[in-house]
Amino acid sequence: MNGSAYCITIAELAERGVKDIPQEAATTKHLVYSSPATLSYNSPGAQGFGVKRAGLAIPESVELVVSSGCCGRNSTIEGGAAGFSEKIFFLRMDETDLVTGRHLAKIPQAVKEIADFYKPRPKVVVLCVTCADALLGTDMERVCRRAEEENPDIKVIPTYMYALTRESIKPPMVAVRRSIYSLLKKLPITNYQMTIQGIQRYSRVLPIEEPASPDYTKVLSSTDKNGVRTADDRSEHGTFGGSVNLLGHFAPLYDSCELYELLHRLGFAKTNEISRCKTFEEYKMLANAELNLVLHPEANYAAEDLRRRLGTPYAELKRLYQADKIHKQYVLFGAALEQKLDDAEFYEAAKERVHCFKEKFAGCSFSIGQTLNAEPFELALALARYGFRVDAVFANLNEGSYPYIRQLALVSPDTKLYLPASPTMLNYRTGQEKSDFSLGRDAEYWLPDAANVPWNSERQPFGFDGLVKLLDEIEAAAERKSAK
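Keep in mind that what you see is a predicted model, and the values were worked out from it rather than measured.

About the criteria used
Residues numbered from 1 in each chain as written. Predicted model: local features only at pLDDT ≥ 70, side-chain atom pairs only at ≥ 80, totals over all residues. Heavy atoms only, no water. Salt bridge = Lys/Arg side-chain N within 4 Å of Asp/Glu carboxyl O. Helix = DSSP H or I, 4+ residues; strand = E, 2+ residues; numbered from the N terminus. Buried < 20%, exposed > 50% of the residue type's maximum accessible area, 1.4 Å probe, protein only. Polar contact = N/O pair within 3.5 Å; in protein donor to acceptor, adjacent residues only side chain to side chain. Pairing = 2+ DSSP bridges. Axes fitted to C-alpha atoms, helices over the stretch in contact; angles between N-to-C directions. Contact = heavy atoms within 4.5 Å. Right-handed = clockwise from strand over helix to strand, strands pointing away.

Caption draft 1: Here's a closer look at the pattern of salt bridges. With the rule as written, the count across this model stands at 29 salt bridges. A salt bridge links D305 to R309, with the nearest nitrogen and oxygen atoms 3.0 Å apart. Note that D305 and R309 are positioned in helix α12 (residues 300-310) at a spacing of 4 residues, about one turn of the helix. Residue class for R309 comes out partly exposed when judged on its relative accessible area of 36%. In this structure, the salt-bridge partner of R353 is D472, at a minimum N-O distance of 2.9 Å. In this pair, R353 is assigned in helix α14 (residues 344-360) and D472 in helix α18 (residues 463-483), connecting sequence segments 119 residues apart. Look at R353 and you get buried, because its relative accessible area is 17%. Salt bridges linked by common partners bring K112, D116, R121 and D153 together as one network.

Put into structure tokens, the structure is as follows:
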């Protein structure tokens, strides 16, 4: 630590490449500066939809947190503020439990007591376990089976709040997305009115690798060796008739999002989101969807699990803020289904909104944090391509960001990257970066004098609608700033 916060220009970062990521960006190489989570006086896992709240996404479920007292405390604070505390119960581990694992024998009885107490009787009890059981090597699947045997009308599933696996390939927020769909099982076709009888499933859909140019045609038209459904297996009307699941978020998209209409135009009769399911019976219907559409990369593991277990194909659509890339992504997605997906009205409206915004805010500059509904580098790239100056990005690095970083280096090479987890950020002087706007809930801390747009709502922005809403929010922030 040399007395200043570590930063690197995007041009330098792109030149070093993904195989030479700065050590300051590797959280396994140094102490972690817990910013900006500590600004909220709570654990980062307890903010928004952490593991505990995410587990409650299953309708008619309650949760049993099996932990030491300290791990449960943040849930009590957050649960009270967010309004889900009445659905969380605790089985507190003492020191003997931590050594012997004797608490595991108490779980079936705890499930029974919760089910008898809670009104109406829950359909599902979600177990949330912590690092203590990770270190004990607990087989939670077995524990859940035992709890179900003693409570046959209750489904019991595990979720893992293992902070020590945060750097693994299946960190807690990836694992919990799989867990909440783990109860889905194929329903008899006669019980599923949205599915056209006789239509089988696609063979396989692979996630895209290059965000800027997804090749849906290649992945969706592949034919299974067993001869099951291909893109030609549509109804005589050229539609699919079934439903599609949107995976990835724990709250729904904005109702105004064009994706709903576009999926309808593709022939899907219904678009499902787990957050819109009101009952457990409705949740179970997700199993018979024609397609799973991944809107958050952390849901790819869940989608792959559903493909393996249920044969449901999946594709990934990324959240983008570059209007031409959003359009291209929709076109390719439609082409993969051998249909022309007409998004012209939404595309033209978004381009017009961008044009007006550029005229009104020409010459303005931005800095971007990481606590927001966007991939920070993609958002920086979008703003730079629209002609704005992007002074700084405050975000942790991952390999998935490099396609955007390489493109950003071409249009905005001098943009600085600060690494919020680097201990050198202790030397960052609040406000040392100057921009007209800061985007992200955390960015307000780094640039307190800029007009801030948190852009961190639970309802999720997506597509052209998300882009337009973001520009509206920026304009509103500018008006608030000028009114002071």
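Caption draft 2: Summary view of helix α15 (residues 376-385). The buried count for α15 comes to 9 of 10 residues, which makes it a mostly enclosed element. Listed as buried for α15 are P376, F377, E378, L379, A380, L381, A382, L383 and A384. The N-terminus of α15 is capped by E375, whose side-chain oxygen sits 2.8 Å from the backbone nitrogen of F377. Residue G387 follows α15 closely and has a positive phi angle near 100 degrees.

Caption draft 3: Structural context of the environment of E261. Its location among the elements puts E261 in helix α10 (residues 258-265). For the pair formed by E261 and D343, sequence separation is 82 residues and the distance between their alpha carbons is 9.4 Å.

Caption draft 4: Representation of the sheet that holds strand β7 (residues 270-273) in the model. Spatial ordering of the open sheet is given by β7-β6-β8-β9, a layout of 4 strands whose pairing is parallel. Where the open sheet ends on each side, the last strands, each with one partner, are β7 and β9 (314-316). On average, adjacent strands in this sheet sit at an angle of 25 degrees to one another, irrespective of strand direction. Pairing analysis gives 4 bridges linking strand β6 (residues 243-247) to strand β8 (residues 291-294), with the strands arranged parallel. Bridged to N245 within β8 is N292.

Caption draft 5: Summary view of the sheet that holds strand β10 (residues 365-368). The mixed open sheet is built from 6 strands, whose spatial order is β1-β12-β11-β10-β13-β14. The open sheet is flanked by β1 (7-9) and β14 (451-453), the only strands paired with a single partner. When strand polarity is set aside, the average angle formed by the axes of neighbouring strands in this sheet is 20 degrees. Bridge analysis of strand β11 (residues 389-394) against strand β12 (residues 416-418) gives 3 bridges, and the strand direction is parallel. Within β12, the residue paired with V393 across the bridge is L417. In the packing of α15 onto the sheet, the strands contacted are β10, β11, β12 and β13 (437-439), and the crossing angle to β11 comes to about 175 degrees.

Caption draft 6: Geometry of the pairing of β11. Where burial is concerned, most of β11 is hidden: 5 out of the 6 residues are buried. Pairing geometry for β10 and β11, over 4 bridges, is parallel. Looking across to β11, one finds that S367 is bridged to A392. Each parallel crossover has a hand, and the one from β10 via α15 to β11 is right-handed. Taken together, β11, helix α16 (residues 402-411) and β12 form a β-α-β motif whose crossover is right-handed.

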